[in-house]
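So you can see what is in the structure, the chains are spelled out below.
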Amino acid sequence: IAYYFDRKGNNYETLAQQIIACNPILEAFGNAKTIRNDNSSRFGKYVTINVDTNMNVIKGASIKTYLLEKTRITRLNADERNFHFFYQLLNCGDTTLLTSLYLVNDVMCYKYLNSSNEVTLTTINDKEQFQRTMQCFHTLNFTQDEINTVLKLVAAVLLIGNITFTSHDDNNNNNIQISSNCDNVVSNVCELLSCDENEFKRTLTTKVRVSANSTTE
C-alpha cells in the first residue's frame, strides 16, 4: 500500500489518511484486553483495496466483511475487558457529553463492564484513545450527526445491560416483566434509540418461536 501511495506523493495524502484511519476505529470497537495481551483483536475483516492498474495508484478501499465476537459484550471473563470503546467513552473527560447520553464516568456502574477485575490499563490511555477515535471519524468524513448516532448506540448498549427482570408464575406460564426500578433506564434507552417505549418493553419480555412456516409469540 505504501508503495502505491509513495508513487503519487501528496496528491493521495487524504486518501491514504482515510484508509489508515479505518484501523483505529475498527480496533476501538473490535479490540479488547484479554488474558493474552491488552489489545487483542476480537474481529475479522476482509478489506478490498481498489487499484488502478493502468496508473498504478490506489483509488479507494472497502470493508466487505466484519466478523465480531459479539458474545464478549454480555459475557466477560474476570481477567479481561470488554471492547475498548466502552472505556474510551466513559473516560472521555466530557461530562456534558456523558450526561447527554445518560452515562456517568464510572465503569463499575455498568453490568457489561463491572464483572471484570480489569478496569484501567497501564498500556492504554482511554481518554487519549477516545480523542484519536473521534479524529478518525472526522478524517473519514463522518458528519457530527453520524458520530452522535454511534455514541447513542454505544450508550444504549451499556444501559440495556443494567435492565433487570422479574418472573411471575401466571397459570404455569413464566411471565417475565422488566423490574419497576428500571423504568428510568428503559426511558433513557428508548430516547437514545428513538424507539417506542411500550414496543421496546414488549420486545424484551416476549418469547418468539420461529418455525419453518410461522412465527408465534
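Our subject is the structure that appears above.
Scope of this entry: the structure provided in the associated data block. Remember, predicted model here, so these are calculated numbers, not experimental data.

Let us now look at the side chain of Q18. Considering the arrangement of structural elements, one finds Q18 in helix α2 (residues 13–30). Every residue in contact with Q18, bar those within four places of it in the chain, is listed here: T139, L140 and N141.

On the surface, a cluster of nonpolar side chains totalling about 220 Å² of accessible area is made up of V47, I63 and Y66. Mapped onto the elements, Y66 comes out in strand β4 (residues 57–68). Its relative accessible area of 31% is what places Y66 among the partly exposed residues.

Attention now goes to the layout of surface pockets. Of the volumes computed, that of the largest pocket is approximately 340 Å³. Around the largest pocket sit 16 residues that line it, and F29, L68, V150, L153 and V154 are the ones nearest its centre. Of the residues in the lining of the largest pocket, the class split is 16 nonpolar, no polar and no charged. Lining the second largest pocket are 14 residues, and of these I19, C22, V47, A61 and I63 sit closest to its centre. For the lining of the second largest pocket, the elements supplying multiple residues, two or more each, are α2, β3 (43–52) and β4. No other element matches α2, which puts six residues into the lining of the second largest pocket. Here the residues of the lining of the second largest pocket are counted per class, giving 10 nonpolar, three polar and one charged.

Taking 1.5 Å per residue as the helical rise, helix α6 (residues 126–139) with its 14 residues ought to reach 20 Å, and the 20 Å between its terminal C-alpha atoms agrees with that figure. Near the N-terminus of α6, the side chain that reaches the backbone nitrogen of K127, with its oxygen 3.1 Å away, is that of N125. N141 sits one or two residues past α6 and shows a positive phi near 65°.

Turning our eyes to something else, we now look at the packing of aromatic side chains. By the definition in use, this model includes four aromatic pairs. Arranged with centres 6.5 Å apart and planes meeting at 65°, the rings of F29 and F137 form a pair that is edge-to-face. One end of the pair, F29, is in helix α2; the other, F137, is in helix α6, with 108 residues separating them in the sequence. For F29, a relative accessible area of 24% translates into the label partly exposed.

Criteria and cut-off values
Residues numbered from 1 in each chain as written. Predicted model: local features only at pLDDT ≥ 70, side-chain atom pairs only at ≥ 80, totals over all residues. Heavy atoms only, no water. Helix = DSSP H or I, 4+ residues; strand = E, 2+ residues; numbered from the N terminus. Contact = heavy atoms within 4.5 Å. Patch = residues over 30% accessible without salt bridge, like charges linked within 9 Å, V, L, I, M, F, W, Y side chains within 5 Å. Areas by Shrake-Rupley, 256 points an atom, 1.4 Å probe, with all protein chains shown as cover. Salt bridge = Lys/Arg side-chain N within 4 Å of Asp/Glu carboxyl O. Buried < 20%, exposed > 50% of the residue type's maximum accessible area, 1.4 Å probe, protein only. 1 Å grid on protein atoms, 1.4 Å probe; cavity = no way out; pocket = protein on both sides within 12 Å on 5 of 7 lines; lining within 4 Å. Points joined across faces, edges and corners; volume = space filled by probe spheres on them. Nonpolar A, V, L, I, M, F, W, Y, C, P; charged D, E, K, R; others polar. Expected span 1.5 Å × (residues − 1). Polar contact = N/O pair within 3.5 Å; in protein donor to acceptor, adjacent residues only side chain to side chain. Phe/Tyr/Trp six-rings, centres within 6.5 Å; stacked < 30°, edge-to-face > 60°.

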